[in-house]
Amino acid sequence: MQQQSSLSLQHVIEQVSQEKGIEAKVLVEATEQAILTAAKKTFGPDRELEARFNDETGAVDLFQYMTVVDAVENIEQQISVEDAQEYGLEAEVGEELGFQIFYLPEDRDKAREQDKQFGDLLMLEQSRNRFGRIAAQTAKQVIIQRVRDAERERVYAEYKSRKGEIITGVVRRFERGSNIIVDLGRGVEAVLPPREQTPRESYRPGDRIVAFLKDIDREARGPQIILSRTDVGLLVKLFEMEVPEIYEGIVRIVAAAREPGARSKIAVSSRDSDVDPVGACVGMKGSRVQAVVQELRGEKIDIVPWDRDPARFVCNAIAPAEVVRVVIDETNSNMELVVPDPKLSLAIGRRGQNVRLASQLTGWRLDIVSESRFKQIEEEAMAALSRLSADEEVSRSLYRMGFRSLDEVVDASEGELASVPGVSEQDVAQLRGDAARAMEELRQEALEAMASATEAPSDRDKLLLVRNVNARTADRLEQSGYGSVEAIAAETDTDRLAIKSGLGATRAAELKEAVAAFIGTEWPEVETRMNASIAAAEAAAAEAAAAEAAAVEAAAAEAAAAEATAAEAAAAEAQTEPEPANEETKAE
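## As for the overall build of the protein chain
Scanning the protein chain from N- to C-terminus turns up 23 helices and 15 strands. Computed over the C-alpha atoms, the radius of gyration of the protein chain is 45 Å, more than 25% above the 25 Å expected from 2.2 N^0.38 for a compact globule of 588 residues. Considered along the principal axes of its C-alpha atoms, the protein chain spans approximately 150 × 115 × 70 Å. Taken across its 588 residues, the protein chain has 39% of its residues classed as buried. Once local pairs closer than 6 in sequence are excluded, the contacts in the protein chain between residues at least 24 apart make up 57%. For the protein chain, the computed accessible surface area is about 34200 Å², with 48% contributed by carbon and sulfur atoms.

## What to know about the sheet that holds strand 11 (residues 263–270)
Taken in spatial order, the 3 strands line up as 10-11-12 in an open sheet, and their pairing is mixed. The outermost strands of the open sheet, each flanked by one partner alone, are strand 10 (251–259) and strand 12 (300–305). Strand-to-strand twist of the sheet, defined as the mean angle between neighbouring strand axes without regard to direction, takes the value 20°. Sheet analysis places strand 11 next to strand 12, joined by 6 bridges and oriented parallel. Looking at the pairing, Val268 lines up with Pro305 of strand 12.

## Quick notes on the nonpolar core
Judged by nonpolar contacts, the single largest core of 38 residues is most densely connected at Leu62, Leu97, Phe99, Tyr103 and Phe131. Those elements that provide at least two residues to this core are helix 1 (2–20), helix 2 (24–43), strand 1 (48–54), strand 2 (59–69), helix 3 (81–86), strand 4 (96–101), helix 4 (108–122) and helix 5 (125–159). If you tally residues by element for this core, the top one is helix 2, at 7 residues. Contacts of Tyr103, omitting those with residues within four sequence positions, involve Ile35, Val60, Leu62, Arg128, Phe131, Gly132 and Ala135. Counting 25 residues, the second-largest nonpolar core is a separate cluster that includes Val469, Leu477, Tyr482 and Ile534.

## Examining a positive patch on the surface
Positive charge collects at one region of the surface, where Arg200, Lys300, Arg350 and Arg351 lie side by side. By the element assignment, Lys300 lies in strand 12. Lys300 sits in the exposed class, given a relative accessible area of 57%.

## Digging into the packing of helix 10 (residues 310–317) against helix 12 (residues 353–362)
Contact geometry for helix 10 and helix 12: axes closest at 9 Å, N-to-C directions at 145°. By crossing handedness, the relation of helix 10 to helix 12 is classed as right-handed. Across the interface between the two elements, Phe313, Val314 and Ala317 from helix 10 touch Ala358, Leu361 and Thr362 from helix 12. In terms of residue class, the contact of helix 10 with helix 12 is made up of 5 nonpolar, 1 polar and no charged.

## Some remarks on the confidence of the model for the protein chain
Summing up the model confidence of the protein chain, the mean pLDDT is 84 and the portion of residues at 70 or higher is 95%. Of the regions scoring below 50 in pLDDT, residues 1–7 engages in 9 contacts with residues more than four places distant in sequence or in other chains. The low-confidence segment residues 583–588, where pLDDT is below 50, has 1 contact with residues more than four positions distant or belonging to other chains.

## As for the pattern of salt bridges
What the rule picks out here adds up to 27 salt bridges. As a salt-bridge pair, Glu486 and Lys462 come within 2.8 Å of each other at their nearest N and O atoms. With Glu486 in helix 20 (residues 485–490) and Lys462 in helix 18 (residues 459–463), this pair connects stretches of sequence that are 24 residues apart. Classification of Glu486 by relative accessible area gives partly exposed; the value is 41%. What makes Lys462 buried here is its relative accessible area of 13%. Sharing partners across several salt bridges, the network here consists of Glu201, Arg208, Arg229 and Glu295.

## Some words on the side chain of Arg263
In this structure, Arg263 sits in strand 11. A distance of 2.6 Å separates the side chain of Arg263 from the side chain of Asp302, its partner in a polar contact. The contact partners of Arg263, leaving out residues within four places of it in the chain, are Arg258, Glu299, Lys300, Asp302, Ala319, Pro320, Gln353, Asn354 and Leu357.

## Structural notes on the sheet that holds strand 6 (residues 179–185)
Reading around the circumference, 5-6-7-9-8 is the order of the 5 strands in this closed barrel, with mixed pairing throughout. Averaged over all neighbouring strand pairs, the angle between strand axes comes to 55°, with direction disregarded. Judged from the 5 bridges that link them, strand 5 (residues 166–175) and strand 8 (residues 208–216) form a sheet pairing that is antiparallel. When the sheet's bridge partners are listed, Gly169 is paired in strand 8 with Ile209.

## Details of a nonpolar patch on the surface
On the surface, Val72, Ile75 and Met123 cluster together into a nonpolar patch covering about 270 Å² of accessible area. Relative to the helices and strands, Met123 is located in the loop between helix 4 and helix 5. Relative accessible area serves as the criterion here: at 43%, Met123 is assigned to the partly exposed category.

## What to know about the pairing of strand 10
Sheet analysis places strand 10 next to strand 11, joined by 8 bridges and oriented antiparallel. Paired with Arg258 across the bridge in strand 11 is Ser264. Counting the residues between successive antiparallel strands, the hairpin from strand 10 to strand 11 contains 3 residues, one of them, Gly261, with a positive phi of roughly 85°.

## Concerning a negative patch on the surface
On the surface, a cluster of negative charge is made up of Asp70, Glu82, Asp83 and Glu86. Looking at where Glu82 falls in the secondary structure, it is placed in helix 3.

## Considerations on the side chain of Glu522
With respect to the secondary-structure elements, Glu522 resides in helix 22 (residues 505–576). A polar atom in the side chain of Glu522 sits 2.7 Å from the side chain of Arg443. Look past the residues within four positions of Glu522 in its chain and what remains in contact with it is Arg443, Gln444, Leu447, Arg467 and Ala517.

## Thoughts on the pairing of strand 7 (residues 188–192)
Most of strand 7 is tucked away: 4 of the 5 residues are buried. Here strand 6 runs beside strand 7; their pairing, made up of 5 bridges, is antiparallel. Within the sheet, the bridge partner assigned to Ile181 lies in strand 7 and is Val191. Between the end of strand 6 and the start of strand 7, which pair antiparallel, lie 2 residues, with Arg186 showing a positive phi angle near 55°. Where strand 7 and strand 9 (residues 225–228) come together, 2 bridges link them in parallel fashion. By the bridge assignment for strand 9, Ala190 is matched with Ile225.

## Looking at helix 19 (residues 471–479)
Within the span of helix 19, buried status applies to Thr473, Ala474 and Leu477. Along the long axis of helix 19, the arc covered by the buried residues comes to 100°, so they all point the same way. The opening residue of helix 19 is Asn470, an N-cap whose side-chain oxygen sits 3.2 Å from the backbone nitrogen of Arg472. Phi turns positive, to about 95°, at Gly481, one or two residues after helix 19.

Criteria and cut-off values
- Note that residues are indexed from 1 along each chain, following the sequence as it is written.
- A pLDDT threshold of at least 70 governs which residues receive local features in this predicted model, and a stricter bar of 80 or more applies before side-chain atom pairs are shown or counted, although totals over entire chains, interfaces and linings include all residues.
- Just so you know, side-chain values use all the structure's heavy atoms and leave hydrogens and water out.
- Runs of H or I in DSSP of at least four residues are treated as helices and runs of E of at least two as strands, each being numbered from the N terminus.
- Within these notes, the globule rule equals 2.2 Å times the number of residues to the 0.38 power, and the radius of gyration is based on C-alpha atoms.
- Note on exposure labels: buried denotes an accessible area under 20% of the residue type's maximum, exposed denotes more than 50%, and partly exposed covers the range between, all computed with a 1.4 Å probe on protein chains only.
- The criterion used for residue contact is that any of the two residues' heavy atoms lie within 4.5 Å.
- Only the protein chains shown count as cover for residues, and the accessible areas themselves come from Shrake-Rupley with a 1.4 Å probe.
- Only when DSSP finds a minimum of two bridges between them are two strands counted as paired.
- The axes used here are C-alpha line fits, helices contributing only the stretch in contact, and every angle between their N-to-C directions lies in the interval 0 to 180 degrees.
- To define a nonpolar core, start from buried Ala, Val, Leu, Ile, Met, Phe, Trp, Tyr and Cys residues and group those joined through side-chain atoms within 4.5 Å.
- What makes a patch is a set of residues exposed beyond 30% relative accessible area and free of salt bridges, joined within 9 Å when like-charged and within 5 Å when nonpolar (Val, Leu, Ile, Met, Phe, Trp, Tyr).
- We define a salt bridge as a contact between a side-chain nitrogen of Lys or Arg and a carboxyl oxygen of Asp or Glu at a distance within 4 Å.
- Charge assignment in this entry is limited to Lys and Arg as positive and Asp and Glu as negative, and neither His nor the chain termini are counted.
- Where a charge lies is defined by one atom per residue type: Lys uses NZ, Arg uses CZ, Asp uses CG and Glu uses CD.
- Working rule for handedness: look at the near helix, and if it is turned counterclockwise from the far one by less than a right angle, call the crossing left-handed; if clockwise, right-handed.
- Side-chain classes are defined by residue name, with Ala, Val, Leu, Ile, Met, Phe, Trp, Tyr, Cys and Pro counting as nonpolar, Asp, Glu, Lys and Arg as charged, and the others, Gly among them, as polar.
- Think of pLDDT as the predictor's per-residue confidence, scored from 0 to 100.
- Any pair of nitrogen or oxygen atoms within 3.5 Å is treated as a polar contact; in protein, a donor-acceptor pairing is required on top of that, and neighbouring residues in sequence qualify only through side-chain atoms on both sides.
- The reported arc concerns the directions from the helix axis to the C-beta atoms and nothing else.

Written out as structure tokens, the structure is:
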């Protein structure tokens, strides 16, 4: 009994070490520390205890140490010289006395002898039996936990270098929260979270699955390996598998964009002028790209050639739509693409999908406009710029340089305006003044038009009537929570308005002053006239409705009278007709 019990722990440690590849020393140290912690909880935290694995017996021996002193201050850590002599222990002041604590069932006799000899000194009798069970359970739990930790470390070490690769596994089960647990083999499991699952894809236990190894969470409580079916890296890696030229580095995927389950775009280039990058990715009769499409469950894929010229690259990315004109704003990384009117819906795509993917692929913000709309915008811009006192040629030069409104002229730097053909440095101040004057004229015209309006304006329309507030400023204010003049007026902290809106302290202070002037002096008169216009329009509408109702009533009365006349005529005609002869008269 004693030999079997003593060697059980050592046998477990050796077996686990061999099967799981964990060093026996690691398990021994963990077991010693666990039993020491349990002993302090059981016997008291103030005791000087030590746990030591015994290679001969295969058990963990527990020791308590007490220091010999002249005057005892802590009875669990110290013993006086007199007490030591009384217990038959020869020791001097400063020396440590060690006592082995017998807690194993096979050491029961030794424990009784110890309690008989040193019971009053050690005070272990009441806790000793309980600790024996605790120690056995603790050792078991520590070994199990160490095995789990070792398994997790092994998985992490094996897969950390495979992050960003394609992983093939088998669907095993579904957990709460729609997590799919995937078996990768050799007892390793991975998780495919709902956010990484492609819409409209479904799996059953036992299905084969190909996914992208997105991350390895070392601290995760469940499976550490996180897979993805939505990551754009899956698309890139699948092409690397199917296209040898990509794997060899001849063809390169420069950029990729994806809306999982719907559509993807990739831009490719070739380092060899004799190799067509698009053709290499498509393959003979589309075999290569179709293999990727099948793996992605029918997701459509556009393959476009990459170009160093951003405009050409964007035109390629927006395919199959045709682009007739490109307007580039490098400062804001924005491009305006002009397409034929019949191709507008094709360029935008279903729910904006085509232009959204093209924007992600190129890194440019794209605005799609039709030719007719672009012409209208051009006419509106030229009409606004023509209000400047400069000649028409300067207005056209401003338009060609990208100026579309008067406020852009006001906000432009001196260098930008001086670079416009026909504008010198001496003309910049006058040009800005003319633009500001023209903006105020347009604002006054808008106020006059609002006074004659027959419908109440929206918050945005009202905000655009404030001095120096243009469409871009209104957008910025709306996004920061100041979508109305009332909201701006209610903001008492100008610095907070400047920070939230991004206008800057100076512009925010000017805006507050302009809003105060608008609400205090300009809007009341406009609102009064507008309300009168609305009331007059409502009265006219009511009068028209009443006239229409009267006309309908008169028409109905006339129709009723006509019907009555027709009925009387029919009755009179019926009375004048002779009665038909009966059968007897005919016989005579």
